[in-house]
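Examining the three-dimensional arrangement
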Amino acid sequence: MNQLEKILIIDDEIQIRRLLEITLSASGYKIFEASTAKDGCVLAASLSPSVIILDLGLPDADGLDVLVKLREWYTHPIIILSVRNSEEDIVRALDNGANDYLTKPFRTGELLARIRAANRKTEGEQEAILVFGNLKIDLARHLVLVKDEIVKLTSTEFSLLALLAKNEDRVLTHSFILKEVWGHHYADQPQYLRVFVAQLRRKIEENPSKPKYLITESGIGYRFRGE
Amino acid sequence: MKRQFSSPWYEYLIVVLIVVVSTMICYFISDLVGYRVLSFVLLFVVSILAFIYGTGPVLLASSLSALIWNFFFIPPHYTLHISNTEDLLMFVMFFIVALLNGVLTSQVRHRESIIKQREERTQALYQLTKSLLEESDVDELKKMIVSGIRKYFHIDSFVFLLEDINAVALKKDDNIAFIPPNEIDAMIDCFNKSESGGRFFSLYKNNRYSYYPMTGSHMKTGMIVLQHQNKFTDDEMQFWEAYLSQISGRFEREMLNSIAQKAFILDESDKLYKTLFNSISHEFRIPVTTILGATDTLMSEEYSVEIQQQLLAEINIASIRLNQLIENLLNISRLESGHLTLRTNWYDFHDLIDKVTNTLKQELQHYNLIVNIPDDLPMIKIDFGLIEQAMHNLLLNITQYVPQNTDILIDVQLSEDVLKIKLIDQGPGFSPDNIAHVFDKFYRGKSAKTGGTGLGLSIVKGFIEAHKGQVIAYNHPSRGAVFEIEIPVEISNINYIEKLS
């Protein structure tokens with residue numbers, strides 16, 4: 001790990017920037033701030049930070065446009081900040097290359113977890129066997145074990161679980177999952193996905209109605225929670 | 001009685017022609033019958049004419065036929081001279097009888113037509129009153145009035161209500177392209193002056209249309225524009241005024257109604273905002289005071305870690321409360337705005353309950369929560385956000401009234417295509433006087449903990465009703481309160497994985 005990872009915050013609210021600076025600095029990150037989209041893009045280019053936190057509601061540009069522009073060259077994680085009740089914006093941002101999102105008001109602990117999760121993917125290679133408490137997923141042999149017992153999954157169920165688990169702690173949108181697992185034809189059929197997730201939960205969760213691993217992000221998608 | 005002589009010129013021509021033709025016929029039969037008989041024939045013709053034509057033509061016909069009879073048939077022929085005293089008497093009498101006959105008949109006819117017209121007008125006014133009362137849609141009313149004026153006055157017309165005039169004055173209305181702008185300006189001016197104007201009036205007399213203000217007993221309600229070619233006779237004017245006053249009265253009532261309604265709505269929302277402001281400002285102050293106080297203390301002196309932690313916990317609670325408050329305010333304004341649109345999609349109800357109980361983890365930690373949802377509950381189509389908020393508010397409400405270390409049961413069932421959700425607690429239940437008000441805005445039960453605006457349950461009701469469902473509250477026969485929700489839902493057919501994989 002680098003000594004001091006750089007994080008760029010693009011948000012027009014000074015109080016949010018101050019809060020993030022204090023919290024994230026305390027967690028060992030080096031923080032840079034921009035209050036406008038223009039400054040943000042300039043700083044991103046000159047600093048090349050390892051994570052960008054981008055507010056969707058910026059005064060001088062649509063946050064989504066900023067995201068698209070950044071994604072033309074910026075390959076590290078971008079985490080979106082947004083207000084509640086704007087699932088459509090969030091989904092659009094996620095489908096346009098954002099790695100994760102948080103709605104205001106958010107918990108700083110949650111933000112730190114998201115930053116870590118977003119970084120994880122870019123840091124190391126995937127293991128062949130993923131272990132999350134009682135759940136073991138053997139990616140090479142297509143095997144899933146709960147409490148060391150083999151659980152029978154259909155191939156679609158396995159692909160779905162593997163996709164989510166490989167992206168541990170990251171939110172994946174409905175359309176992304178559908179495209180990855182079923183192909184483009186199903187991209188607008190979140191119903192199918194929900195049925196499969198429900199079925200998967202029954203097989204791998206201890207209490208399917210209080211899932212530990214497969215977390216619903218209502219209106220957006222699913223997140224696999226490892227801990 | 002001007003009307004008696006107002007027969008058109010062609011009627012005079014026709015009676016002259018008829019008299020001439022009758023004379024010719026008489027001339028041919030004059031050899032067969034005596035000339036005195038011919039006088040009866042001519043009298044007969046005049047009498048017939050009196051039934052058809054006005055007084056003027058009949059007078060002409062009787063004079064003409066008297067002269068013709070004298071000139072052609074009374075000997076000596078082809079002179080106006082009458083030698084025989086008897087014939088002279090006959091001629092004078094013929095003349096008088098023809099005149100009387102013609103005048104009297106046409107007068108009788110005229111009276112009859114006046115009576116008939118009056119009857120028609122009474123009928124027209126009656127019809128108008130009746131249909132004005134029956135029709136409630138303003139646009140339909142306008143159409144009806146235009147067609148009524150066409151029927152009874154044979155005139156094309158346009159009806160402009162106050163709002164139309166305002167729209168026209170602001171040049172916002174595109175539907176008036178058929179009336180030239182100068183006419184519109186004149187109409188607006190007449191409306192402002194509350195005077196009739198346009199053609200046949202001193203005001204704007206060179207314009208093509210006439211404008212009549214609709215004036216009720218309290219207010220002006222609009223204008224009627226008439227496109228008439230002839231000036232109204234006194235008679236017609238009277239009828240028109242009666243007609244107009246009926247219409248004005250009707251629109252006035254309509255306007256007074258809508259004003260009263262608006263006043264009521266304003267009054268209601270005024271009340272709402274006053275209550276909202278009073279209760280909200282109070283509600284905001286408490287957590288803000290907590291945060292300010294706690295942060296002041298934290299900044300001013302060194303305290304033990306334990307006290308610091310306690311103060312931070314207080315700040316945390318206050319912030320959550322503030323957030324809750326904002327959420328409720330946003331929701332109530334969504335409901336109050338009147339155009340809450342559902343964004344429905346397919347959801348698993350397990351997810352919803354899971355999410356709600358997760359968000360309320362802290363509040364629920366001292367209760368024994370029992371969730372009872374059938375495993376095979378199919379996907380249902382709902383607005384996740386709204387139902388989530390409704391369930392959230394209900395559960396939060398329960399934690400405010402119900403003592404800790406008791407059971408809270410969430411029971412979800414689907415029967416046919418109605419989703420039934422029951423929340424049962426083991427608290428004190430509702431008191432008889434508040435059970436009817438639990439869903440009222442700003443109503444707060446007497447045993448409520450401090451905090452809360454009394455908006456939570458009214459939001460529940462609003463969101464459930466937005467789903468065409470209903471929510472009721474009652475006391476459990478043994479102990480505690482029950483909230484029961486029923487929402488008609490669409491059920492997904494895609495529920496069996498086997499078919500898909």
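Higher on the page you've got the structure.
Residues numbered from 1 in each chain as written. Chains lettered and ligands numbered in written order. Predicted model: local features only at pLDDT ≥ 70, side-chain atom pairs only at ≥ 80, totals over all residues.

**Examining the interface of chain B and chain A**
Taken together, the 20 residues of chain B in the interface contact 20 residues of chain A. Those elements giving two or more residues to the side of chain B that touches chain A turn out to be strand 5 (345–347), helix 10 (349–359), helix 12 (384–401) and helix 14 (497–500) of chain B. Each residue belonging to the side of chain B that touches chain A can be placed in one class, and the counts come to nine nonpolar, seven polar and four charged. (Contact = placed C-beta atoms within 7 Å. Helix = DSSP H or I, 4+ residues; strand = E, 2+ residues; numbered from the N terminus. Nonpolar A, V, L, I, M, F, W, Y, C, P; charged D, E, K, R; others polar.)

**Examining the packing of helix 1 (residues 9–29) of chain B against helix 3 (residues 55–73) of chain B**
All names here are of chain B. Between helix 1 and helix 3, the least distance of the axes is 9 Å, while the angle of their chain directions is 25 degrees. By the angle between their axes, helix 1 is roughly parallel relative to helix 3. For the crossing formed where helix 1 meets helix 3, the hand is right-handed. Contacts from Glu 11, Tyr 12, Val 15, Val 16, Val 19, Thr 23, Cys 26 and Tyr 27 of helix 1 reach helix 3 at Gly 56, Pro 57, Leu 60, Ala 61, Leu 64, Ser 65, Ile 68, Phe 72 and Phe 73. Broken down by class, the residue content of the contact of helix 1 with helix 3 amounts to 13 nonpolar, three polar and one charged. (Axes fitted to C-alpha atoms, helices over the stretch in contact; angles between N-to-C directions. Parallel < 35°, antiparallel > 145°, perpendicular 65-115°, else oblique. Left-handed = near helix turned anticlockwise from the far one by under 90°.)

**Section: the pairing of strand 9 (residues 418–425) of chain B**
All names here are of chain B. Of the two faces of strand 9, only one is covered, namely that formed by Leu 419, Ile 421, Leu 423 and Asp 425; the face formed by Val 418, Lys 420, Lys 422 and Ile 424 stays uncovered. Direction of pairing for strand 8 (residues 407–415) relative to strand 9: antiparallel, over a ladder of eight bridges. Residue pairing for strand 9: Ser 415 is matched across the bridge by Val 418. Counting the residues between successive antiparallel strands, the hairpin from strand 8 to strand 9 contains two residues, one of them, Glu 416, with a positive phi of roughly 55 degrees. Here strand 9 runs beside strand 11 (residues 481–488); their pairing, made up of seven bridges, is antiparallel. Residue Ile 421 lies in a different strand from strand 11, and its bridge partner there is Ile 485. (Buried ≥ 20, exposed ≤ 12 C-beta atoms within 10 Å, placed from the backbone. Pairing = 2+ DSSP bridges.)

**Things to note about the packing of helix 2 (residues 37–47) of chain A against helix 3 (residues 63–71) of chain A**
Residues and elements named next belong to chain A. Where helix 2 meets helix 3, the closest approach of the two axes is 11 Å, and the angle between their N-to-C directions is 15 degrees. Classed by the angle they form, the pair helix 2 and helix 3 counts as roughly parallel. Crossing of helix 2 against helix 3: the hand is right-handed. Contacts between helix 2 and helix 3 pair Ala 37, Gly 40, Cys 41 and Ala 44 from the former with Val 66, Lys 69 and Leu 70 from the latter.

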